[in-house]
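Chain by chain, the residues run as shown.
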Amino acid sequence: MRNIQVMLFFRKHLRMMDSKDTEIMVIMINFSVKITMKLLSVMRCLKKQMSYFTKGVERRAMEKTSKYQNRYAFSARIVCGCCGRHFKRRQHYKPSGNYIAWTCAGRLDDVNSCTIKYIADDAFKDAFVLMMNKLAFAFDKILVPFEKELRKMAMADNGDRISELESAMEQNMEQRTTLGTLLNQGYLDRPVYLKSINALVQDYDNLATQRNMILRVDTESYDMIEQAQKLIAFLKKNKEIAEYSEELFDDHVDTIKVLSRDEIQFNLRCGLVLTERL
């Protein structure tokens, strides 16, 4: 568009020049246009090459990150219940023997930022085997009703239930704010405050779990039902799990939440959340 405007400008003023000047001017204009078009072509080519280069760098970075994260089954899958950071794999050296353990990244950065210390790799594996054997023993009382409830929720309109849960969560937060005000003003003893706060936090977590479950079922219902059916089918054929398997863990567990050094939660791919002692 800009080249057309330039050509019109010069055409308007060509009449004011003699034939020789006009010929020279036309040659100059044509040369200028050719150079401009060539530069634009080179710039487009460079831009395209840079785009390919950037995409290649991003793809290799993603592949490298994915490869690192998936190096071990637990990588990027163990979440700290205290600070929310992921656990990192570390080699521990002792005179009695070396062993693998997982440590919260937050605690590694700042020991005072997180209260949960390292947990041995074998402790997670043993807890997983125990959890799976419990499911195998009572899958018809736990998993089968759970899968039926998933299908029921998938077909229901849960808008009103979500509103009820979110309203209850707001009231819970208001109650915690009120307790904090009473404590600061000296109307409430700290032990009573802590007991009440802990109860409210637990209630809030339960409400949030229910709300998130409904939202997740609404958006991922078919996948969760399929995962539940897959787990049921496996446990029907395998009444006892003798040892830990990375493939089995990856098939059925989404994440692990560390509540303390003595207790963890398995968040299964089907949406079921199960707590195990270490």
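Keep in mind that what you see is a predicted model, and the values were worked out from it rather than measured. (Residues numbered from 1 in each chain as written. Predicted model: local features only at pLDDT ≥ 70, side-chain atom pairs only at ≥ 80, totals over all residues. Heavy atoms only, no water.)

## Quick word on the overall build of the chain
In step 1: Helices and strands together make up the secondary structure of the chain, namely seven helices and seven strands.
In step 2: In sequence order, the secondary structure elements of the chain are arranged as α-α-β-β-β-α-β-α-α-α-α-β-β-β.
In step 3: For the chain, buried positions account for 30% of its 278 residues.
In step 4: Long-range contacts, defined as pairs at least 24 residues apart, comprise 54% of the intrachain contacts of the chain with a sequence gap of at least 6.
In step 5: Summed over its atoms, the accessible surface of the chain is roughly 19300 Å², and 54% of this surface lies on carbon and sulfur atoms. (Helix = DSSP H or I, 4+ residues; strand = E, 2+ residues; numbered from the N terminus. Buried < 20%, exposed > 50% of the residue type's maximum accessible area, 1.4 Å probe, protein only. Contact = heavy atoms within 4.5 Å. Areas by Shrake-Rupley, 256 points an atom, 1.4 Å probe, with all protein chains shown as cover.)

## Quick word on unusual backbone geometry
In step 1: A positive phi angle is found at A76, which is not glycine, with a value near 60°.
In step 2: Take A76: it is sitting in the loop between helix 2 (19–69) and strand 1 (78–80).

## Brief notes about the sheet that holds strand 4 (residues 119–120)
In step 1: Strand order in the open sheet formed by three strands is 2-3-4, and the pairing between neighbours is antiparallel. In this open sheet, the two edge strands, each paired with only one partner strand, are strand 2 (87–92) and strand 4.
In step 2: Sheet topology places strand 3 (residues 99–104) next to strand 4; two bridges connect them, and they run antiparallel. The residue bridging W102 from the neighbouring strand is I119, located in strand 4. (Pairing = 2+ DSSP bridges.)

## Quick word on the confidence of the model for the chain
In step 1: Of the residues in the chain, 71% have a pLDDT of 70 or more, and the chain-wide mean is 78.
In step 2: Here residues 6–10 is modelled with pLDDT under 50, and outside its nearest four sequence neighbours on either side it reaches four contacts, counting other chains as well. (pLDDT = per-residue confidence, 0-100.)

## A few points about the packing of aromatic side chains
In step 1: Applying the stated criterion to the full structure yields eight aromatic pairs.
In step 2: With centroids separated by 5.8 Å and ring planes inclined at 50°, the aromatic side chains of F74 and Y244 adopt a geometry described as tilted. Highlighted residues: F74 in the loop between helix 2 and strand 1 and Y244 in the loop between helix 6 (190–237) and helix 7 (246–252), separated in sequence by 170 residues.
In step 3: Relative accessible area serves as the criterion here: at 19%, Y244 is assigned to the buried category. (Phe/Tyr/Trp six-rings, centres within 6.5 Å; stacked < 30°, edge-to-face > 60°.)

## Quick notes on the pairing of strand 2
In step 1: Bridge count for strand 2 against strand 3 is six bridges, and the pairing is antiparallel. When the bridges of strand 3 are listed, F87 appears paired with C104.
In step 2: Remark: six residues form the turn of the hairpin made by strand 2 and strand 3, two consecutive strands paired antiparallel; G97 in that turn has positive phi of roughly 140°.

## Focus: the pattern of salt bridges
When charged atoms on two side chains of opposite charge get close, those side chains can pair.
In step 1: Overall, the coordinates contain eight salt bridges when judged by the stated rule.
In step 2: A salt bridge links R85 to D109, with the nearest nitrogen and oxygen atoms 2.9 Å apart. A residue pair is termed long-range when its members are at least 10 positions apart, and R85 in the loop between strand 1 and strand 2 and D109 in helix 3 (residues 105–109) qualify at 24 residues.
In step 3: In this structure D109 comes out as exposed when scored by relative accessible area, which is 57%.
In step 4: R211 is paired through a salt bridge with E166; the nearest N and O atoms lie 3.4 Å apart. You can see R211 sitting in helix 6 and its partner E166 sitting in helix 5 (residues 159–184), a full 45 residues away along the chain.
In step 5: Overall, E166 belongs to the partly exposed group, its relative accessible area being 34%. (Salt bridge = Lys/Arg side-chain N within 4 Å of Asp/Glu carboxyl O.)

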